[in-house]
Amino acid sequence: MKNPEQEQSKKNEILAGPPPSVLNLGYDLNLSVRIGSLIMPNPVGVASGTFGYGEEYDELVHIDALGALYTKAVTLEPREGNPPPRLVETPMGLINSIGLANPGVEKFLREKLPSLRTRLCPIIVNVAGSTEDDYIQVIERIEAHLASTDSGRPGIDGYEINVSCPNVQKGGMSFGIDPRLVERLTHSLRQKTSRPLIIKLSPNVTDIAEIARAAEAGGADAISCINTVVGMVIDTEKKKPAIAMGTGGLSGPAIRPIGVAATYKVGKAVRIPVIGLGGITNASDAIQYLLAGALAVQVGTALFSDPRAPLKVLDGIIEWMKRHSVHSVSDIRFMLR
Amino acid sequence: MKNPEQEQSKKNEILAGPPPSVLNLGYDLNLSVRIGSLIMPNPVGVASGTFGYGEEYDELVHIDALGALYTKAVTLEPREGNPPPRLVETPMGLINSIGLANPGVEKFLREKLPSLRTRLCPIIVNVAGSTEDDYIQVIERIEAHLASTDSGRPGIDGYEINVSCPNVQKGGMSFGIDPRLVERLTHSLRQKTSRPLIIKLSPNVTDIAEIARAAEAGGADAISCINTVVGMVIDTEKKKPAIAMGTGGLSGPAIRPIGVAATYKVGKAVRIPVIGLGGITNASDAIQYLLAGALAVQVGTALFSDPRAPLKVLDGIIEWMKRHSVHSVSDIRFMLR
Amino acid sequence: MRQFNATVAINRAIAPDWMHMAFEWPSDLPAPKPGQFFTALPPVVELRAGTILRRPFAFAGFEEAQIEKDSSMLSRPAYAHSIYQVRGPGTRALASMQPGSSLDIIAPLGNAFPYPERGERAIIAGGGIGIGPMLFLAEQLGAGTYASSAILVLGFRSALLIPFSGSFSAAGLPSWKKLLEKAFFSTDDGSAGTPGTVRDALEALWLQASDLKGSGTKNLAQKKWHLYGCGPGPMLASLAQFAAQNHMHAHFSAEQWMACGVGACHGCVLPAASGGFLRVCADGPVFDARTINWEANVQ
Amino acid sequence: MRQFNATVAINRAIAPDWMHMAFEWPSDLPAPKPGQFFTALPPVVELRAGTILRRPFAFAGFEEAQIEKDSSMLSRPAYAHSIYQVRGPGTRALASMQPGSSLDIIAPLGNAFPYPERGERAIIAGGGIGIGPMLFLAEQLGAGTYASSAILVLGFRSALLIPFSGSFSAAGLPSWKKLLEKAFFSTDDGSAGTPGTVRDALEALWLQASDLKGSGTKNLAQKKWHLYGCGPGPMLASLAQFAAQNHMHAHFSAEQWMACGVGACHGCVLPAASGGFLRVCADGPVFDARTINWEANVQ
Ligand SMILES: Cc1cc2nc3c(=O)[nH]c(=O)nc-3n(C[C@H](O)[C@H](O)[C@H](O)COP(=O)(O)OP(=O)(O)OC[C@H]3O[C@@H](n4cnc5c(N)ncnc54)[C@H](O)[C@@H]3O)c2cc1C
Ligand SMILES: Cc1cc2nc3c(=O)[nH]c(=O)nc-3n(C[C@H](O)[C@H](O)[C@H](O)COP(=O)(O)OP(=O)(O)OC[C@H]3O[C@@H](n4cnc5c(N)ncnc54)[C@H](O)[C@@H]3O)c2cc1C
Ligand SMILES: Cc1cc2nc3c(=O)[nH]c(=O)nc-3n(C[C@H](O)[C@H](O)[C@H](O)COP(=O)(O)O)c2cc1C
Ligand SMILES: Cc1cc2nc3c(=O)[nH]c(=O)nc-3n(C[C@H](O)[C@H](O)[C@H](O)COP(=O)(O)O)c2cc1C
Ligand code: FES
Ligand code: FES
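Keep in mind that this is a model prediction, so the values were computed, not measured. (Residues numbered from 1 in each chain as written. Chains lettered and ligands numbered in written order. Predicted model: local features only at pLDDT ≥ 70, side-chain atom pairs only at ≥ 80, totals over all residues. Heavy atoms only, no water.)

Engineer: Explain the overall build of chain C to me, using residue names and the numbers behind them.
Structural biologist: Helix and strand counts for chain C stand at six helices and 19 strands. In terms of overall size, chain C behaves like a compact globule, its C-alpha atoms giving a radius of gyration of 19 Å where 299 residues would be expected to give roughly 19 Å. Per-residue burial over chain C gives 54% buried out of 299 residues. Intrachain contacts of chain C at a sequence separation of at least 6 include 65% that bridge at least 24 residues. Within the structure as shown, chain C displays about 12,200 Å² of accessible surface, and the carbon and sulfur contribution to it stands at 52%. Counting 23 positive and 22 negative side-chain charges, chain C places the averaged centre of each group 2 Å from the other. (Helix = DSSP H or I, 4+ residues; strand = E, 2+ residues; numbered from the N terminus. Rg over C-alpha atoms; globule rule 2.2 N^0.38 Å. Buried < 20%, exposed > 50% of the residue type's maximum accessible area, 1.4 Å probe, protein only. Contact = heavy atoms within 4.5 Å. Areas by Shrake-Rupley, 256 points an atom, 1.4 Å probe, with all protein chains shown as cover. Lys, Arg positive; Asp, Glu negative; His and termini not counted. Charge placed at Lys NZ, Arg CZ, Asp CG, Glu CD.)

Engineer: Let's hear about the site of ligand 4: which residues, and what values?
Structural biologist: All names here are of chain B. Around ligand 4 lies a shell of 21 residues, among which Ser48, Lys200, Gly252, Gly279 and Thr301 are the nearest. Between ligand 4 and Ser48, the relevant distance is 2.7 Å, taken from an oxygen atom to a main-chain nitrogen or oxygen of the residue. At 3.2 Å, a side-chain N or O of Asn162 approaches an oxygen atom of ligand 4. Bound to the protein, ligand 4 loses 97% of the 600 Å² it would expose on its own. Looking at the shell around ligand 4 residue by residue, the classes come out as six nonpolar, 14 polar and one charged. (Near = heavy atom within 4 Å. Polar contact = N/O pair within 3.5 Å; in protein donor to acceptor, adjacent residues only side chain to side chain. Nonpolar A, V, L, I, M, F, W, Y, C, P; charged D, E, K, R; others polar.)

Engineer: Now, about the packing of helix 7 (residues 256-269) of chain A against helix 8 (residues 283-291) of chain A: what can you tell me, with residues and values included?
Structural biologist: Residue and element names in this part refer to chain A. The contact between helix 7 and helix 8 brings their axes to 8 Å, and the two run at 25 degrees. Overall, the two elements helix 7 and helix 8 adopt an arrangement that is roughly parallel. In this structure, helix 7 contributes Arg256, Gly259, Val260 and Thr263 to the contact, and helix 8 contributes Asp285, Gln288 and Tyr289. A per-class count over the contact of helix 7 with helix 8 returns two nonpolar, three polar and two charged. (Axes fitted to C-alpha atoms, helices over the stretch in contact; angles between N-to-C directions. Parallel < 35°, antiparallel > 145°, perpendicular 65-115°, else oblique.)

Engineer: Give a description of the packing of aromatic side chains that names residues and reports values.
Structural biologist: What the rule picks out here adds up to 38 aromatic pairs over all chains. Taking the centre distance of 4.7 Å and the plane angle of 10 degrees together, the rings of Phe51 of chain B and Tyr57 of chain B count as stacked. Cluster of aromatic residues (ring-pair linked, three or more members): Phe4, Phe23, Trp25, Phe38, Phe57, Phe59, Phe62 and Tyr84 of chain C. Over the ring of Phe277 of chain C we find Arg86 of chain A; its NZ or CZ atom is 4.8 Å from the centre of that ring. (Phe/Tyr/Trp six-rings, centres within 6.5 Å; stacked < 30°, edge-to-face > 60°. Lys NZ or Arg CZ within 6 Å of the ring centre and 35° of its normal.)

Engineer: Can you tell me about the site of ligand 3, naming the residues and giving the values?
Structural biologist: Residues and elements named next belong to chain A. Surrounding ligand 3, one finds 21 residues, the nearest of these being Ser48, Lys200, Gly252, Gly279 and Thr301. Contact between ligand 3 and Asn162: an oxygen atom at 3.2 Å from a side-chain N or O atom of the residue. Measuring from an oxygen atom of ligand 3, one finds a backbone N or O atom of Ile226 at 3.1 Å. Of the residues contributing to the shell around ligand 3, the split by class is six nonpolar, 14 polar and one charged.

Engineer: Just give me the short version of the UniProt feature "binding site: [2Fe-2S] cluster" (unreviewed entry) in chain C, but keep the residues and values in it.
Structural biologist: In this numbering, the UniProt entry assigns the feature "binding site: [2Fe-2S] cluster" (unreviewed entry) to Cys260, Cys265, Cys268 and Cys281 of chain C. In summary, the annotated positions, though distributed over 22 residues, converge in three dimensions, the widest C-alpha pair being only 10.1 Å. The topology assignment puts Cys260 of chain C in the loop between strand 16 (249-253) and strand 17 (269-271). Once you skip the residues sitting within four places of it in the chain, Cys260 of chain C turns out to touch Tyr57 and Phe304 of chain A together with Cys265 of chain C. (UniProt positions renumbered as here; feature names shortened; annotations may be inferred.)

Engineer: Which residues make up the sheet that holds strand 5 (residues 87-90) of chain B, and what values go with them?
Structural biologist: Taking strand neighbours across the sheet as the criterion, the four strands line up as 5-6-14-11 (chain B) in an open arrangement whose pairing is antiparallel. The sheet is open, and its two edges are formed by strand 5 and strand 11 (229-232) of chain B, each paired on a single side. When the angles between neighbouring strand axes are averaged without regard to direction, this sheet yields 40 degrees. As defined by bridge partners, strand 11 of chain B adjoins strand 14 (residues 247-251) of chain B across four bridges and the pair is classed as antiparallel. Bridge pairing in strand 14 of chain B places Val229 of chain B opposite Leu250 of chain B. Here helix 7 of chain A sits on the sheet in contact with strand 5, strand 6 (93-96), strand 11 and strand 14 of chain B, set at roughly 80 degrees to strand 11 of chain B. (Pairing = 2+ DSSP bridges.)

Engineer: Talk me through the UniProt feature "binding site: FMN" (unreviewed entry) in chain A; I want residue IDs and the actual numbers.
Structural biologist: Residue and element names in this part refer to chain A. As annotated by UniProt and renumbered to match this structure, "binding site: FMN" (unreviewed entry) occupies Ser48, Lys72, Ala73, Asn126, Asn162, Lys200, Ile226, Gly252, Gly278, Gly279, Gly300 and Thr301. Looking at Gly252, the relative accessible area reads 2%, which means it is buried. Leaving out residues up to four positions away in the same chain, Gly252 has contacts with Met92, Gly278, Gly279 and Thr301. Tracing the chain through its elements places Gly279 in the loop between strand 15 (274-277) and helix 8. A relative accessible area of 11% places Gly279 in the buried class.

Engineer: Can you explain the packing of helix 3 (residues 105-117) of chain B against helix 4 (residues 132-148) of chain B? Please cite residues and give values.
Structural biologist: All names here are of chain B. Contact geometry of helix 3 with helix 4 gives a least axis separation of 11 Å together with a crossing angle of 50 degrees. With respect to helix 4, the axis of helix 3 lies oblique. Crossing hand, helix 3 versus helix 4: right-handed. On helix 4, the residues that touch Val105, Glu106, Phe108, Leu109, Leu113 and Arg117 of helix 3 are Val138, Arg141, Ile142, His145 and Leu146. (Left-handed = near helix turned anticlockwise from the far one by under 90°.)

Engineer: Can you break down the UniProt feature "binding site: substrate" (unreviewed entry) in chain A residue by residue, with the values?
Structural biologist: Residues and elements named next belong to chain A. Per the UniProt record, the feature "binding site: substrate" (unreviewed entry) sits at Lys72, Asn96, Ser97, Ile98, Gly99, Leu100, Asn162, Asn227 and Thr228. Taking relative accessible area as the criterion, Ser97 reaches 7% and is therefore assigned buried. Each residue touching Ser97, except ones within four places of it in the same chain, is listed here: Asn82, Arg86, Ile243, Met245, Thr247 and Gly248. In this structure the side chain of Ser97 is engaged in a polar contact, spanning 3.1 Å, whose partner is the side chain of Asn82.

Engineer: Mind laying out the nonpolar core, listing which residues take part and the relevant values?
Structural biologist: Ranked by internal contacts, the top residues of the largest apolar core, which has 232 residues, are Ile161 of chain A, Ile161 of chain B, Leu227 of chain C together with Leu227 of chain D. Here Leu227 of chain C is in contact with Ile123, Ala125, Leu202, Leu239, Phe242, Ala243, Met248, His249, Ala250, His251 and Phe252 of chain C, once residues within four sequence places are set aside. (Core = buried A, V, L, I, M, F, W, Y, C linked by side-chain atoms within 4.5 Å.)

Engineer: Any chance you could break down helix 3 (residues 174-182) of chain C for me, citing the residues and the numbers?
Structural biologist: Quick reminder: α-helices carry 3.6 residues per turn. Residues three or four places apart thus point the same way. Residues and elements named next belong to chain C. Those residues of helix 3 that sit buried are Ser175, Trp176, Leu179 and Leu180. In an axial view of helix 3, the angular spread of the buried residues amounts to 135 degrees, which keeps them on one side of the axis. Opposite the buried face of helix 3, by more than 90 degrees, sit the exposed residues Pro174, Lys177, Lys178 and Glu181. Here the buried face of helix 3 lies against strand 2 (18-25), strand 6 (61-63), strand 9 (78-85), helix 2 (131-140), strand 12 (151-156) and strand 13 (184-187). (Arc of directions from axis to C-beta.)

Here is the structure:
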């Protein structure tokens, strides 16, 4: 097995420089952020499930300039996902019920990884499962594959663990609501990889800080905060739920205040970095998350209205940093008055 | 002590007829809904904290035509509330941090009750407190007052218990997150009044159905669902929270999908009626709640953009019922396919 | 595929609640093909609409740029055309746009209708607002009278709703006018063409074709039909059945709520006939009728 | 207080980012008084604005309806006027409204400035967009030159920002023009009037008044000042201090984020000098300067 730390530091050399949009600014800004052993060139990533594995957006987005690409969820077995309708728009929001449709880890490694390897931005693989063992096997399989293939770029720079999935062993309650389960899961996964391990939290809990502390105790390198909020729309003419599964996950600007509040709470509860997301559409939204305590951010639903949103967000952060004389983006999280 | 049941049935006689806007329609629709011993003439009320004690809206809203008026919270002692800014707009939402500013129960009885007595719509007093004893004393005081004053109309037809307040005895955690506390509180209050007792739930919990069942077990007549969602906005120019207290309560259309999902979940968990609210601005929104399982609804934040919203909602429900050949509004909650 | 700000050239009513929009097309972007679509994000919406998603629309026509004879300068830019129905906040916002204003477009998206195979006759069936892409396809395939190879069959609720016909309706593309003159119609209320659905009109034509076998127009009548369709879910389900019963090739353009529009989110799926799901935006919107479980999508 | 749909009569730029709006006023509604305000809900907003709240604005003037001599018919309706600054989505939406369109208004709201008492001289101080209600008050109190009883003192960042003056600026009400001709100015950059703040201009006038005591204009100079103010928080805090130091009556119009606008929600409070809080919409917006803790509100 190769040493991922070493691989990572090789990649960091390539990535550590400022991204294209900053290169020609002539300003001495430090936009890079560190998550575990990984240095992201800038704090603006694209959120899991909203960007596929990258290819679909190739013609619209300068992907190499992203701070990170969080892939669509990968599960052990292929999943077809939920029956349609899977989407419904809500006031400044979107409910989705995709059901983790994905080709499964084998096909992911065979068909998606090669294109991910060509990216200059860090790639974080989002992992989901129905049992603890599911998660473990996905990561074992990926690590084994990376160790066996010799290539300049691993194409995978870390993991984001989606603990909002229903846990079949616990009667369908999600992992993410039980601090003990989260700690145990994190701890198990920590044994399997030295790549950055990010636990992505669900906001549908009484005390998100408690779950974040459990992830930290389990050995997580960072927390992503937040996943979607449970929501429902009913078609009053058809008298049935607008999406086939009844309830789904609410995202977009509507939930931004919920995400900022959660980030603020989690940021105070743990010492590992927090990656903020939920409803970010412009730089000001992203800076709210950074001021609330996040080290980095992700843009999800906003991509659907404007695929340029992530890089506009990055440009706006740079403009704000210059205006407020902030040298390093990682200082913003300490600046809230 | 007078018999509130008797008082109530006297009042029901007055109220049972259809509200003004229906009288001249010539249709045989049953809009009334029953909450405990109380019959509300129609299902559309105005939400606590958004309508004061009524007087402020007298020139803008035909208050007598409302299904119910839920008063601003009443606490044992007067409260000045939180420092400003107390409000901030969010995407299709509003965050407030009023801090339960109110004159306290004595002044409420002296100064607000007389005008409430003149209303033809049912009056539900929203009650808040920091300890269980606070709640008990408010209700004892009100019941004693009603028993001692002989008047045709009590001016108070039921209680809505706001369990989202921070509980000072439990380190500031809200009552509403702990099913045991909710059951005990409901049980204690049940001893003090035979008027309808409605427990208003916070959505900021892992399992709202569990809390609803606790309220039912404690003897509640109904559940109001939902109170505001914890949210935060940061002013990125001033680098500080937009409202003085940091976080506040998010309301308005942004949270409607969260409220509908919660109502659906609670409706399946309990047999007592559910009163749905959160982001209702028009009839279709209200009908979503009714189809999700609510017997009645409340309109809050929408009043701020259009004080006519509640009665427009009522008119739209009537129109929908005619179009879908629904005779009784209380049947809608069983109609979801 | 590209995201660009297009200048709106035409935006006018062509029937009750129906609009015809045209916008300038970048000179260096490949022309859209029948079946393909674009997504638009109007800049202004009514208060409290709260919409965030782009709205998808099919192309209903395309006019190439015109280039000066003597120079290589454009004398007129290319225009993309669409026909849309005003239904909710997004289309109301679109309908309020003035010619000359700027609209955020991503295009061209999705796949296109395949050409009919040799010996196949294109039967192009559109229902309601689904006529847009059908007009585009009919134009490209040179649809005309019954004697020509390709024919167009359009279904409406009532004659009054047929575009360009009412007194208040503006004119559309000249080619649409010609196509409509030669098209077969069905109306639910029988006020024009065959009373009933598009399928009823097709059944009538089918019978006619069988009757003609062996007669003078034998050649044409014996051609296998290739059915193209776009319209409401129940219409497509019914046409799929019709095509299957009569063993004809069929390709339909489908609709589904979309978020990304480029295949990334897996939000816009339809149930596949072989199990699993297909994405309307990236695997479609045009599908071989046999690949989709149309019945399952009609609720 | 009433909710009504008003027809917009005027909506035009009067300075960079400043607009003057007038709308028709219902003939049977009491006229608004200086200090009172209205809330407006524009019908259309930019995409993704997501605003839901009404926006509050002060009245800057009022024109009575004109009635035909021979009949009791209105020959011209009454008009309410306001001056507003384009700051965010709500005011941008307002600024995009065309004359003739309809605007949802609730008015009149809040209390009004009290008249000066006998022997008091009204000193009317407006800063930035706070000049709107001050023009209205100055007109009612007949403010004029230094020799008249009431005078108007206006502060701007720069001479270029003074409304109606730049080349592109439209004219406002005729009365405003007259008032501005006689007003005293301060500008932060010294490009017009006293360099500095409104307070600096007031201090200068105050010295002048003291100098004049015992002279010919003694009568006027000896009158007690009654200070009226509207402007940014720091300006009001500074004026409150000035008024207290010099023992003069003072009434200021305050601002705060609002939700209901009618006193029901307790969202729009300011800290009271005596502890507790006062609602800007219902206890104000005009407050005796001594009742508010202005310092606590400047952050
Ligand atoms: C590939 C594709 C091509 C399309 N081409 C056209 C076209 O050429 N002309 C045209 O008028 N419309 C077309 N549509 C449908 C069009 O996208 C919707 O009518 C529009 O998005 C409605 O937006 P709205 O905000 O006005 O209404 P909304 O309030 O969003 O919806 C109004 C009604 O339309 C339905 N609806 C909304 N979006 C969709 C959708 N994506 N698919 C199906 N139903 C929907 C809703 O359920 C609702 O009943 C197409 C859709 C797709 C997916
Ligand atoms: C009683 C009263 C009278 C007013 N009179 C006028 C007037 O005559 N002319 C005028 O131009 N403006 C006036 N305002 C301020 C005006 O209401 C705001 O500028 C407007 O609501 C901004 O809306 P927006 O959507 O354009 O901007 P937003 O994006 O909502 O806000 C833009 C900026 O304005 C600030 N702001 C928003 N609302 C308020 C508010 N209620 N009070 C203070 N700051 C606010 C925000 O913090 C932000 O910095 C008045 C406010 C009040 C309370
Ligand atoms: C269509 C869609 C699919 C998603 N799929 C995933 C997923 O596979 N794994 C995951 O962790 N989160 C998933 N999410 C959640 C997002 O990554 C993100 O946490 C959430 O949408 C909030 O961010 P936003 O408001 O910027 O979209 C998905 C969201 C959407 C809208
Ligand atoms: C300004 C404001 C004050 C409120 N005060 C109270 C209150 O005193 N007691 C209470 O139970 N809920 C209070 N609420 C919550 C509302 O009653 C309601 O539960 C919530 O706003 C969701 O409904 P809406 O989206 O229709 O406003 C308040 C809400 C707002 C916006
Ligand atoms: S809309 Fe995202 S995959 Fe089709
Ligand atoms: S805005 Fe509601 S009390 Fe003033």
